[in-house]
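Topology and contacts: notes
Okay, here's what each chain looks like letter by letter:
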Amino acid sequence: MTAAATAFRGVYGTGCEGVWAAPGRVNLIGEYTDVNDGFVMPLALPLRTGVAARARADGRLRLHSADIPGGVVTVAPDELRPGAVRGWAAYPAGVLWALREAGHAVAGADLHVESDVPVGAGLSSSAALEVATALALDGLYGLGLARPELARLARRAENAFAGVPCGIMDQTAAACCEAGHVLFLDTRDLTRRHLPFDLAAHGLRLLAVDTRVKHDLGEGEYARRRAGCEAAARALGVRALRDVPYGELDAAVRELRAVPGAGALVRHVVSENERVRAVAALLDAGDPRAAGPLLTAGHASLRDDFAVSCPELDLVVATATGAGALGARMTGGGFGGSAVVLTDETTADTVERAVTAAFAAAGYATPRVFAVEAGEGARRVG
């Protein structure tokens, strides 16, 4: 990320005050549970978004991306309001807005962004950008904010400024993950535990498969499912679907039989929370291998009950498990994006070749497949 400092000078004609970076993430298990006050288990990727930054006293925000054409985007102080900034610039602009709305004394900034987190791959490129920006502004203005608070403000930026009704998982993962661990997060009270995730010690490997099918969660499908879950919770008389006990799931589904589609949404969320708890228990017991079938069951639930998968993701899961993987599932919001595959080290190459061949036979674009090791969260890098 030191190249970002050099590029900053080329864009703005002066040096930056520092470079901050935040990672993308994959979610091992726990999908659409964060918008239902539930449990999630993400880990940070080695892929990161870097932000080189310099403070401005005039309240103006200037933004430049090495990866997106279009030159410098300038946001005047009176333009810093929800709906006024469009495209990728809405995410860092939203962070500045959220900091000011929370009462923090931040003026303006010049930012240059460089990222190797692919956009639209379900790996939380937006959260990486938001958290890197939040950490940069925190550093520039000496705010001293704790990582969970930075995550909360970054989520507010995405919800209220960029207009994407996401949960808190992605921003918390980017801000708080630790190398060699997955983050077991309760998204209601934000309590978290870092669970050891040294797959190599168990002869295992986690693969991420980017299907290269792009999606935009702001287009409405994510929002419709979130609204459906909230309506189901109201119908059941609970604060959120996380409050439906797993042992009472069948009764809850029966109670909602007159509401089209509601029972399936509830079945996914409640069973997915149970799967997250089960995987946490397996990791605590030092048995990550046994988590494989839970990943595959989670994918089936997302495909059949929540209906957020797609043919490419389903092909990854079916092909990988058919080639000997221990388990696989889509990760992220769905409708494209990426899948994760848990496999023995000895069969990882076979699985990768099988998935690539299956995509070619189906006429799909060649997927991007890479091994994932649990990385660290956001930090200053220059």
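Within any chain, residue numbers begin from 1 and follow the written order of that chain's sequence. Note on the predicted model: pLDDT of at least 70 is required for a residue's local features to be given, and 80 or more for side-chain atom pairs to be given and counted; whole-chain, interface and lining totals, by contrast, use all residues. Hydrogens and water are ignored here; the side-chain numbers use all heavy atoms of the structure.

1. Section: the UniProt feature "domain: GHMP kinase N-terminal" (unreviewed entry) in the chain
UniProt positions are given in the numbering used here, feature names are shortened, and annotations may be inferred rather than shown by experiment. The feature "domain: GHMP kinase N-terminal" (unreviewed entry), as given by UniProt, occupies residues 91-176 in the numbering adopted here. Strands are runs of DSSP state E lasting at least 2 residues, helices are runs of H or I lasting at least 4, and numbering of each runs from the N terminus. Structurally, residues 91-176 is divided into 59% helix and 9% strand, and its ends, taken at the C-alpha atoms, are 19 Å apart.

2. With respect to empty space enclosed by the protein
The way it works is a 1 Å grid over only the protein atoms, where trapped points that fit a 1.4 Å probe form a cavity and open points with protein on both sides within 12 Å along at least five of seven lines form a pocket, and then any residue with an atom within 4 Å of a point lines it. Grid points are joined across faces, edges and corners, and a volume is the space filled by probe spheres set on the points. A full pass over the atoms with the stated rule returns one cavity of 30 Å³ or more. When its volume is computed, the largest cavity comes out at roughly 40 Å³. All residues other than Ala, Val, Leu, Ile, Met, Phe, Trp, Tyr, Cys, Pro, Asp, Glu, Lys and Arg, Gly among them, are scored as polar; the first ten of these are nonpolar and the last four charged. Class assignment of the residues belonging to the lining of the largest cavity gives a composition of seven nonpolar, no polar and no charged.

3. Regarding the environment of Ala22
For Ala22, the position within the fold is in strand S1 (residues 18-29). The buried label goes to any residue with under 20% of its type's maximum accessible area, the exposed label to any with over 50%, and the partly exposed label to all in between, with areas taken from a 1.4 Å probe on protein chains only. Of the residues examined, Ala22 reaches a relative accessible area of 0% and is grouped as buried. Spatially, the C-alpha atoms of Ala22 and Ala174 are 5.7 Å apart, while their sequence positions differ by 152 residues. Note on definitions: a residue-residue contact is assigned when non-hydrogen atoms from the two residues lie within 4.5 Å. Excluding anything up to four places from it in sequence, Ala22 contacts Leu47, Arg48, Thr49, Ala128, Val131, Ala132, Ala174 and Ala378.

4. Quick word on the layout of surface pockets
Any empty space left between atoms is shown by rolling a water-sized probe over those atoms. One number sums up the size of the largest pocket: a volume of about 1,000 Å³. Lining the largest pocket are 48 residues, with Tyr91, Val119, Gly120, Ser125 and Ser126 sitting closest to its centre. Of all the elements, helix H3 (residues 125-141) adds the most residues to the lining of the largest pocket, at four residues. Residues of the lining of the largest pocket, tallied by class, amount to 21 nonpolar, 18 polar and nine charged. If you add up the space inside the second largest pocket, you get close to 290 Å³. Residue lining of the second largest pocket: 20 residues in total, with Asp34, Val35, Asp37, Arg155 and Arg226 positioned closest to the centre. At the level of secondary structure, the elements contributing two or more residues to the lining of the second largest pocket comprise helix H4 (147-161) and helix H6 (221-236).

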